[in-house]
Amino acid sequence: MTQQPIDGAALLAEVEAFHRRFNVFPREAAYVAVALWDAHSHLLDAFDSTPRLAFLSPEPGSGKSRALEVVETLVPRPMLAVNARAAALFRSVSDPAGRPTILFDEIDTVFGPKAGDNEELRGFLNAGHRRSGVTYRCVGDGGNQTVVEFPSYTAVAVAGLGGLPDTITTRSVIIRMRRRARNEHVEPFRARLHEAEGNRLRDRLAQWADQVREDVSGRWPQMPEGVTDRPADVWEPLLSVADAAGGNWPERARAACVELVNAARADDKGSIGIRLLTDLRDHVLAGIDRMPTVAVLDRLCALDEAPWADMSGRPLDSRGLAKMLGEYMTSDNSPVKARNIKTAGSVLKGYYAADLQDAWDRYCPPPLQKSATSATSATPQVSGLEKVAEDLFTSAT
């Protein structure tokens, strides 16, 4: 008997309503994103990549684990992976019965400051983002071993305190959880009562996925303006699901995409290297074409809310500065390094804005404001530099 078509828009609305009963998310866009992520987990083979779903918070008791519990009822073959070994996970993904949806609570035990040796697990989570992702392992006894390719591609949702490495964050839809306010109420989640409700929705999501799989596989959803590169990779599967569902989901999905991508950009402080480059451009060498290293360090360590005065208990020094900047290249493709600066009758080692310009252009976010006093001003403020250098040289001697 031919199965009646399922109304995808109405089904996603039911999935969203199910989350709203038990979860308080920080913004409306999060409900849209999570409902779409639940549905996408039934359609993984229709996509080239799968975004990670990350529930993060600065403090315990913010609803992260509850969010994973609700997701668990809605996704195919859920696998709770607290304390799971990488070997168990990549073998589970190879299970002929079907790949699992991995739900990793307390992810801070893997990526946090107190995490142990979890490089294999980190590699697995990184590789499994793309359908082509695999993990290679030697299988056999003693000298009779062969290299076996294990697929890593599978849907993963995580929950934990703090943040995640950049390699995971940029592949994730981030939901910044927080403790419920006194006026925010949810229905208590009881597995014996509510798991069956979620499973019924899960089964209908699976049926709907079978009906739209071919359609979704051929979709290349139009991205909202400004969403490109890695954010586009993250949201492409979710927007494809929304377009297949129809109704108001395509519009809501794109609005949620823009909101959450912009929120992620606002939260993103970049790597420590990008933070250094940006601070040098905006606060240290702004309007100056060159500066002695001692002056650069003095200005960096004086910046409010910057890490430079306390780098693992010590302020950034000239050796650390040289090591960090040496990772970047000048416009002529040579490493950035300190050069001689002649001023006030002396010669000091320091850095030139021109040497950093290529790195600023490639890695830093746009300047907060554009003015005639940019780091590459056509009229270098040499007199100001000489005064800074003279004062520092005098004090140093």
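From a predicted model like this one, the values you see are computed outputs, not experimental measurements.

The rules behind the values
- Residues numbered from 1 in each chain as written.
- Predicted model: local features only at pLDDT ≥ 70, side-chain atom pairs only at ≥ 80, totals over all residues.
- Heavy atoms only, no water.
- Helix = DSSP H or I, 4+ residues; strand = E, 2+ residues; numbered from the N terminus.
- Expected span 1.5 Å × (residues − 1).
- Bend = angle between axes of the 7 residues up to and from the residue.
- Buried < 20%, exposed > 50% of the residue type's maximum accessible area, 1.4 Å probe, protein only.
- Contact = heavy atoms within 4.5 Å.
- Salt bridge = Lys/Arg side-chain N within 4 Å of Asp/Glu carboxyl O.

Chemist: How should I be thinking about helix H8 (residues 191–217) in this particular structure?
Modeler: One full turn of an α-helix is made of 3.6 residues, so residues set three or four places apart face in the same direction. Between the first and last C-alpha of H8 there are merely 34 Å, a value that for 27 residues lags more than 12% behind the 39 Å anticipated at 1.5 Å per step. Maximal helix bending in H8 amounts to about 50°, located at Gln 211. Among all positions of H8, only His 194, Gly 198, Asn 199, Leu 201, Leu 205, Trp 208, Ala 209, Val 212 and Val 216 are buried. Contacts from the buried residues of H8 go to helix H1 (8–22), helix H2 (28–40) and helix H9 (229–245).

Chemist: Looking at this structure, I do not really get unusual backbone geometry. What am I missing?
Modeler: Across residues other than glycine, the phi torsion is negative in most instances, and most of the peptide bonds are trans. One non-glycine residue, Arg 77, lies in positive phi territory at about 45°. Within the secondary structure layout, Arg 77 lies in the loop between helix H3 (64–72) and strand S2 (78–80). By relative accessible area, Arg 77 is classed as partly exposed at 39%. Even without glycine at this site, Asp 229 takes up a positive phi of about 55°. Take Asp 229: it is sitting in helix H9.

Chemist: How should the pattern of salt bridges be read in this particular structure?
Modeler: Following the criterion strictly, the structure yields 19 salt bridges and no others. Residue Arg 27 is joined to Glu 259 by a salt bridge in which the shortest nitrogen-to-oxygen separation is 3.1 Å. Placement of Arg 27 in the loop between H1 and H2 and of Glu 259 in helix H10 (residues 249–267) is noted, with a sequence separation of 232 residues between them. The partly exposed category is assigned to Arg 27, whose relative accessible area is 33%. In this structure Glu 259 comes out as partly exposed when scored by relative accessible area, which is 32%. Its salt-bridge partner being Glu 69, residue Arg 66 comes within 2.6 Å of it at the nearest N-O pair. Residue Arg 66 and its partner Glu 69 are located together in helix H3, separated by 3 residues, close to a single helical turn. By relative accessible area, Arg 66 is classed as partly exposed at 29%. One network of salt bridges, in which partners are shared, links Glu 16, Arg 20, Glu 28 and Arg 252.

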